[in-house]
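Coordinates in review
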Amino acid sequence: MTASKVISIVREPMFDAVHGTDTATRVQVHDTDASGPNVAYAVDYEPTSYHEARALFQRLRLTDVHGAFVDFGCGKGRMLLLATEYSFGRIVGIEFSQQLCDTARANVQKYCSSTEERVEILNEDAASYELSDDEVVFFFFNPFAEAVMSMVLESIYRSLRRRNRQVWVIYNNPRCRALFESGGVFLKVDEHRLPRTRAFVYTNVGTDPRSVRSLLPERRADVPGAGEATERVGADGCTPVRSSSSGR
Ligand SMILES: C[S@@+](CC[C@H](N)C(=O)[O-])C[C@H]1O[C@@H](n2cnc3c(N)ncnc32)[C@H](O)[C@@H]1O
């Protein structure tokens, strides 16, 4: 086991203990109130590791991004909490389980010392979420399979057609990366090796790659290691983990 993985395992339970939040416990989608056809494509709730999220956010130059941050499949909202430390104008979590939304709202109240009015947690299926045109950073921690991801991508494309702007996709455990890489809109600008998984960063480039504004530092500091989170979906890259025990 690498040193960075050991550090990550030791630090992980500390997050909730320090902040009085409830983000760490995994929840199977089938044990929540989430309903509808897209439950079949959902990946169970598991938070992005605190350590990995910090590493990712620190690596990207997010400090002067004032548009909105969206976590598709925000679960208990850990990424929303961390996003409040940055300059985003709005911080949006989309989650189709009302129970997980309620937990995420309680977590925001506990984590943020004063009322954090930038955070909105929407109890919605990501597949039917219509983007707002101020949204610029899209976060995914392998939340769902291709059937849903392709609908989210269509919504991103529609929004870009309404208001052309530079946007970034941070995709942790990018099982449906082929969708981003085959659409002719997004270019992968970073691949970040985290202790348990990998995260890819994409941006839309238009026709001239020189117009890309990088969020990346000039020097790379990849953390070696790979891990179990990358194995949570099937070998086709998009088949979700089933919530029944036989699916694991
Ligand atoms: C792996 S967890 C990621 C949690 C969070 N983004 C994080 O990084 O800490 C995936 C989440 O996506 C949610 N989800 C799956 N399919 C969804 C859908 N179609 N619409 C909204 N949420 C969905 C699940 O309920 C679960 O909470």
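Cut-offs applied
- Residues numbered from 1 in each chain as written.
- Predicted model: local features only at pLDDT ≥ 70, side-chain atom pairs only at ≥ 80, totals over all residues.
- Core = buried A, V, L, I, M, F, W, Y, C linked by C-beta atoms within 7 Å.
- Buried ≥ 20, exposed ≤ 12 C-beta atoms within 10 Å, placed from the backbone.
- Contact = placed C-beta atoms within 7 Å.
- Pairing = 2+ DSSP bridges.
- Helix = DSSP H or I, 4+ residues; strand = E, 2+ residues; numbered from the N terminus.
- Axes fitted to C-alpha atoms, helices over the stretch in contact; angles between N-to-C directions.
- Near = placed C-beta within 6 Å.
- Nonpolar A, V, L, I, M, F, W, Y, C, P; charged D, E, K, R; others polar.
- Right-handed = clockwise from strand over helix to strand, strands pointing away.

Going by the annotation in an unreviewed UniProt entry, the name recorded for the protein is Class I SAM-dependent methyltransferase, with Actinomycetospora rhizophila given as the source organism.

This paragraph deals with the nonpolar core. Judged by nonpolar contacts, the single largest core of 60 residues is most densely connected at Phe69, Leu80, Phe138, Val169 and Ile170. With residues up to four places along the chain from it excluded, the contact list for Phe138 reads Val70, Phe72, Ile156, Val167 and Val169.

Strand order in the open sheet formed by seven strands is E3-E2-E1-E4-E5-E7-E6, with mixed pairing between adjacent strands. Two strands in the sheet have a free side with no partner beyond their single neighbour: strand E3 (119–123) and strand E6 (186–193). The sheet shows a mean angle of 20° between the axes of neighbouring strands, direction not considered. Packing against the sheet, helix H5 (residues 98–111) makes contact with strand E2 (91–95) and E3, and its axis sits at approximately 170° to E3.

Taken together, 28 residues form the shell around the ligand, and within it Ala42, Thr48, Gly73, Gly75 and Phe141 come nearest. Breaking the shell around the ligand down by element, the ones donating at least two residues are helix H4 (78–83) and E2. By residue class, the composition of the shell around the ligand is 17 nonpolar, six polar and five charged.

Okay, the environment of His192 next. Structurally, the position occupied by His192 is in strand E6. Each C-alpha atom, one on His192 and one on Asn172, is 9.0 Å from the other, the two residues being 20 residues apart in sequence.

Right, let's talk about the pairing of strand E5 (residues 168–172) for a bit. In terms of burial, E5 is a largely internal element, five of the five residues being buried. The two faces of E5 match: Trp168, Ile170 and Asn172 on one face and Val169 and Tyr171 on the other face are all buried. Sheet topology note: the strand E4 (residues 135–141)/E5 ladder contains five bridges and is parallel. Its bridge partner lying in E5, Phe139 is registered against Ile170. You can see the chain leave E4, run along helix H6 (residues 146–162) and come back into E5, and the turn it takes is right-handed. As paired strands, E5 and strand E7 (residues 198–204) are joined by five bridges and run antiparallel to one another. Paired with Val169 across the strands is Tyr202, a residue of E7.

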